[in-house]
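# Reading the structure
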Amino acid sequence: MPSTGTDPDTATAACAAFNELYLVSGAAAQLGAHGLQVQDMQWQALARATRRASTVLAARIEGESEAMAAFRRLTLLCDELLDRRAMGHACPSAIWRDLARAGRHAYAQIDP
């Protein structure tokens, strides 16, 4: 993954946040895309992972690489999904499939 700054600890934290978001969103997307219920604990994990990734993205000052743009899109999709749930709206399988696709694309950027 491209560096998020000159500090190796920052890069490590960014990698950890994005890996967590990829794993948690992918697991939830698999369930949702097949019409299965996403449990409250999974929603909470998705919210935590999204917050962590958003924090890393907000701290990013340098120009945005393709990998960072892909993770920004994944984070935005997670935020939108969490907002839909908070408002009591249904999350159709098409939204879950978009989330899964965005996760695969983002991960492909860091693991070509």
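The structure we're discussing is the one just above.
Residues numbered from 1 in each chain as written. Predicted model: local features only at pLDDT ≥ 70, side-chain atom pairs only at ≥ 80, totals over all residues. Heavy atoms only, no water.

## Some points on the side chain of S25
Inspection of the secondary structure assignment puts S25 in helix 1 (residues 8-33). The exposure class of S25 is buried, given its relative accessible area of 2%. If sequence neighbours within four positions are ignored, S25 has contacts with L46, L74, C78 and L99. (Helix = DSSP H or I, 4+ residues; strand = E, 2+ residues; numbered from the N terminus. Buried < 20%, exposed > 50% of the residue type's maximum accessible area, 1.4 Å probe, protein only. Contact = heavy atoms within 4.5 Å.)

## Notes on the pattern of salt bridges
For the structure shown, the criterion picks out 3 salt bridges. Measuring nitrogen to oxygen at the nearest pair gives 2.3 Å for the salt bridge that ties E20 to R52. One end of the pair, E20, is in helix 1; the other, R52, is in helix 2 (residues 40-59), and 32 residues separate them in sequence. The exposure class assigned to R52 is partly exposed, which follows from its relative accessible area of 38%. (Salt bridge = Lys/Arg side-chain N within 4 Å of Asp/Glu carboxyl O.)

These results come straight from atomic positions and should not be treated as a statement about function.
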